Structure formats: structure tokens, C-alpha cells
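Residue-level listing of the chains:
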Amino acid sequence: MPLPSRPGRRRFAVNATLIVGALTFGALSLGLPAGASSWSGGIEESPRATPESTSTPEPTSTPDPTSTPDPTSTPEPTSTPTPTPTSTPTPTPTPGHWDVDNGTINDHGAVVLNDGHVDVAATLEEGRLVSKIKDTTQTSEAVWRDPADTVLQILPHATATVPTGDAWEFLGAAGARFHQVSQTQQEGLLWPGWSTESVPAPATSGGVSWSLADIDGPGEFALYETDSFGQPRVLFSTRDGVSGADAFTIPRNTHAHGSWAFSAEGVYCLAMQRAAQLTGGSTASESFVLTIAVGTADVMDLDPAECTDSVEPAPGTEPPPPPPVDPGAGVVTPPAHEVAATQCTAAAMILSAGHIDYATRLVEGRLQSLIGDDTSGSKVYREPAGTVLWLKPSARVTLPAGFGQVGAPGQTVWQVPQTQNPELIWLGWNTESLNAGNTRGAVRWTIDAVSGPGSVKIYLSGSFGGVQQMVFDGRGAYSIPLGVHAHGNWAFSAEGVYRITSTQTATLADGTVSSDTETLVIVVGDVDPRSATGGVCGAPAALTFTDDESEELQAAVQSPVDVAAIVRDRSAADAGPETAAENPAAIATAARGSTVPLLLGILGALLLVAAAGSGVLWRRAATSRPGGAP
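Quick summary incoming for the structure in this document. (Residues numbered from 1 in each chain as written. Predicted model: local features only at pLDDT ≥ 70, side-chain atom pairs only at ≥ 80, totals over all residues. Heavy atoms only, no water.)

### Comments concerning the pattern of salt bridges
Now for step 1: Taken as a whole, this structure holds 8 salt bridges when the rule is applied.
Now for step 2: The residue Lys132 makes a salt bridge to Glu125 at a minimum N-O spacing of 3.9 Å.
Now for step 3: Judged by its relative accessible area of 18%, Glu125 is buried.
Now for step 4: Lys379 is the salt-bridge partner of Asp374, the closest N and O atoms lying 2.9 Å from each other.
Now for step 5: When its relative accessible area of 11% is taken as the criterion, Asp374 is described as buried.
Now for step 6: A network of salt bridges, in which partner residues are shared, links Glu125, Arg128 and Lys132. (Salt bridge = Lys/Arg side-chain N within 4 Å of Asp/Glu carboxyl O. Buried < 20%, exposed > 50% of the residue type's maximum accessible area, 1.4 Å probe, protein only.)

Take a look at the structure:
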């Protein structure tokens, strides 16, 4: 048989290379072994294996004569000074192993949470009241944890000084240092709150009562809230002992935060009790223990079971359930009110009370700014263009001294409070669904224009009063870190309709820059909120359900009635909060997804097509010659 010509041999080589490449990429895309290694380790380990084989020339270690200068180690008198320096660090405050990553599993199988958002959340399971740690410290998808398997850690640098004034005596003497995480989220620290959002609002007649029943720890503990102007409301305080005064009511469908204060470092075991009056007439109650490590307490050797054994509520101290709430008391309109499209009025959803976030999310590969609506107890993401927020007349407050950045003392403003008032909208901002796997760096939030009868100022209150930070004074820019959920005060100087046009911008994981410009419509004071729904005649409100896997809901533009029906159907099908703790790393990986197998599969297919085409062309060229010779 005659040998192929030089061009023929070249074509054969190219064709063979393409086929081998296609098969290799195909195997890699399927996760099958390719040669001696798989995709998970082969590409990295093969380069490392070659140096290891080159380590056979360990004769280089034969010059161990160089180790003969071990006599240089004979001057071990130098080791005599070492005890002195090493002994000096021992008195430093390092009683245990405390410097661990958030989410670490300790020696007793408990998870340590020390950075990010958690809630001591009430849930209702088959008519039983059950409190769980709702953990969103590592992913926007909540992980529901048993308090008996969880350690809440207050890191050593979370310190504060007791201010002067009689109102702060529950924290200790003025000027004393203590450990505290505040009701405003602090980067790098735990941000614990509480919630009844997972208890259906119609299931209880008046919310859930929460009491402190017993404590074991090295110092005093207090839980308190401060209002927008820094005045404290004490919820629990052990400085005067534990009594029936250490109790308060969490209203229905409420999510709130306070300041958790501890007078000394160490481990605190807090016995808690909760109770609720169910609408069927029965009472649901429970007891649980929170394990909290403060400062340099050893979290790796901390067993929550021992904490539980160290405290015991006194018999008969269960808190009474909250009294029924008059449905008409203090509520002007339902929290969510649908306005149907009329001849020249756009359809809209008016939100007048409850938890709302201006949420930054990724939808279909691009950034979108949406209204995260928790007012009904079911999470719904709404397009700002179809939503009106109503700050009711009861939001009117008078500015005290010390708030000059907001206005003069005695000036009247209408204010969304930083701490939730169940009768008002509670408007915050949220980047919890963004992380280092899908976004690079912080989100830049700018207010581009404000249309309205007065000024708009957004600020954070200090733990003890005053303005801690001015977020926006009219137009401006603000940087929101990834994975943040925060609330501030929104102060409006006059009643009327405000349209706040803002842009949020972020760099995605692939390096592209994505942004979204939306207009928030906020009606302030004694003004009919329906007056702000003008627009394209008959245009429906665009809504997006929280389930990111529901593409039809993400892409659809639907009426509020349609989406509400879907939400009800989905909520009825859900079994409630998950009882098992999920793997945060697995959730993050699943959320990001892996495009490598898909890309490799596509590349392999293209190589196969190229190989086949090359073979066909070669065959045609061969048969076209006289005699069909190559």
C-alpha cells in the first residue's frame, strides 16, 4: 500500500489530534478519569507529581554534613533566654481557643456563629411553639439550627463604654467597659435578632411572649432596644435579678434587633421561655437555652448540653401568652393593599406596614433592584415601578437636640424608624443574596434625583443616641458590602409624594459591570397613597416570587392577585422551616453553579465536528485524484 503524501500525513495528524482532544474534553466534562487523573485533581497534580519524582535526587540531602554543624545547636544556652519571653505571653487574656472562623464545628459538634445575621426565631410546628436559630450568616438561604447545637460568639473587640445618665444604669457605672453587639449591624460581628415571621399571622391572637427565666455566667446580661433618637427600652436585665419584669411581647409577623450587652468575658447560659395564644383557643409554650461565648471564652471546648444543665427555670414561671390584639387598633389600612388599574391609573401594590427591603439581587445574570416585601409573611420581590410605600401620619416625630445633621431641635419630620414599629413600614436595604462567588466587591448605591415637597435624609442612629452615620443627605453615593441586611432612619421634612430615583451598580464574578436604575415611590403623611399610582393606563404591577428556581415567576409580569395566589399555593405546599442544618459551603457552591463541565462538553463537541469535517475533506481530496491515490 503506498504511503500517504506529506499533506495527507499532516491531515491525518490534525485529524487524530482533534479526535483525541474531543475524547479527552468529553471525558473531562463528564467527570470521568482522563488518563491517570480526573478533573478534580489531575490538571493540578500532574505538575506537582513531576517535581516529586525529581525529589529522587535526594543525594542533595546527602550533604547532611551541612547538618553536622549541629554543634551550632550546642550553643543551647540561647534556649535558656527563651523561657522568659514565652512565659510573658501566658498572662495575656487567652484563656481558650476563641479565634475561629464563622461556622466552625467545635469539639462537641456544635456550630459556632460569630459574624453575620442570625435570628432567635419562633416557629410553629404541628401546633407546638419551637424556637430555632435562623442562620443567614453564610448564605441568603436560611439554615435552621437547634439552639442546643449552637454557640453564639461575641468577639473580644465588640466593646463599648457605659454612657452617663440615669437611663443607662442598667448597664453599670458610667464609664465602665462592657461587651456588646448593637441593634445596628456591625461588620465582622454577630448580629442577633428575633422574629415571629415564620409563625403565620392568623395562627396567634396576639404574637409571642418572650421571657428570661434563668442565667448562669460570669457577669450581668441585658437586652435592650433604642429608639431613633437613642433612648433605651430595656427588655431583659439581670442587674436587679431575674424576675417577671424580664419579659416582652414580639408582635405577629415581626423581625427586630436589639443590643446584647455583657459586663464580663466568659460563657453565659440563658434559659428562655416563650408562649402564644393560638387562635383555636389553646396555649403553646416552650423553654430553650441560648449558649453565648463572650470575649476570649474557649468556643472549641464549649458544650451547649452542659450549658443547658446549668440553668433551670423556676416551676410555674412560664410567661402568660400575650393578650389578643384588636385587629383595628392602630392600623389605618391592611399592610398590603391592591389598587386595580382604572382608566388612567396604573395598577399598584400599596405597602403601609411591615418589613420591606430595597434588595439588590442577580436575576438572569444581571443586577436588579427590587422591593423585598415581607409584610404578608411570605417573601415576595416586587418591581419598584408597581409598588407604592406609604409612610402613615403616625410617623411624625419632633427632632431632639443632637441631630443637627437631620434638622434643628424641635423640627417636625416624618420618619421611617430604624427600629421596627409594627404600625409603620420598616424600610431597609439588603445584599444578602450577593457573595464573593457571584459578585466582586461592594455594591455602589447612588441617589440620582429626588422629586418631592421636601428633603430626604437617611441616617443610622448611634447606640446611645445621635447620628452614627449619614447614609444619604439628598443625592449622593453609598457603598453596601456584600451579604448585608441593614435598616436606617428615613427622614422626610414634609408630607407629600416623593419619587427617589437611584442606581445600584456591581461588578459580577466574570468581570462585567451590571447596574439597575429604579424609582422608589414613597407617600408621606396624611396623603392618599392612591394619588401616586398614576402612569401608563392599565399597566400591571411586575412582581417576582422569592423562589429563584421559578423562572416563570421571575420573567413574568403579573397582577398582584395572580402572584398572591401563587404565593398562597406555594406556602401551603411548604412544610415549614427545615429542621436539619444545611451545609453552607454546599449551598454556596450550588448557588454559584459550575459552568466548567458544560463548556468542556461544548468544546469537545466542536472538536468532534471539526475532526469529522477534516476527515470528509481529506477523503474527497483523495478520491478526486486520479486512481483515488492519496
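### Description of the packing of aromatic side chains
Now for step 1: Per the counting criterion, the structure on display carries 20 aromatic pairs.
Now for step 2: Ring geometry for Phe221 against Trp260: centres 6.1 Å apart, planes inclined by 40°, an arrangement best described as tilted. With a gap of 39 residues between them, Phe221 in strand 11 (residues 221–226) and Trp260 in strand 15 (residues 259–262) connect regions that are remote in the sequence. The two residues Phe221 and Trp260 agree in class, both being buried.
Now for step 3: Cluster of aromatic residues (ring-pair linked, three or more members): Tyr358, Trp429, Trp445, Phe472 and Tyr478.
Now for step 4: The ring of Tyr381 carries Arg361 above its face, with NZ or CZ at 4.1 Å from the centroid. (Phe/Tyr/Trp six-rings, centres within 6.5 Å; stacked < 30°, edge-to-face > 60°. Helix = DSSP H or I, 4+ residues; strand = E, 2+ residues; numbered from the N terminus. Lys NZ or Arg CZ within 6 Å of the ring centre and 35° of its normal.)

### Re the state of the cysteines
By definition, a disulfide links the sulfur atoms of two cysteine residues through a covalent bond.
Now for step 1: Counted under the stated rule, the structure contains 1 disulfide.
Now for step 2: A sulfur-sulfur separation of 1.9 Å characterises the disulfide bridge that pairs Cys269 with Cys307. Residues Cys269 and Cys307 share a disulfide whose torsion about the S-S bond is about -110°; that sign makes it left-handed. Residue Cys269 is found in strand 16 (residues 266–277), and its partner Cys307 is found in helix 4 (residues 304–310); the two are separated by 38 residues along the sequence. The pair formed by Cys269 and Cys307 is uniform in burial state, with each residue classed as buried. (Disulfide = S-S within 2.5 Å.)

### Focus on the pairing of strand 12 (residues 232–237)
Now for step 1: The sheet contact formed by strand 11 and strand 12 spans 5 bridges and is antiparallel. Bridge pairing links Thr226 to Pro232 in strand 12. (Pairing = 2+ DSSP bridges.)

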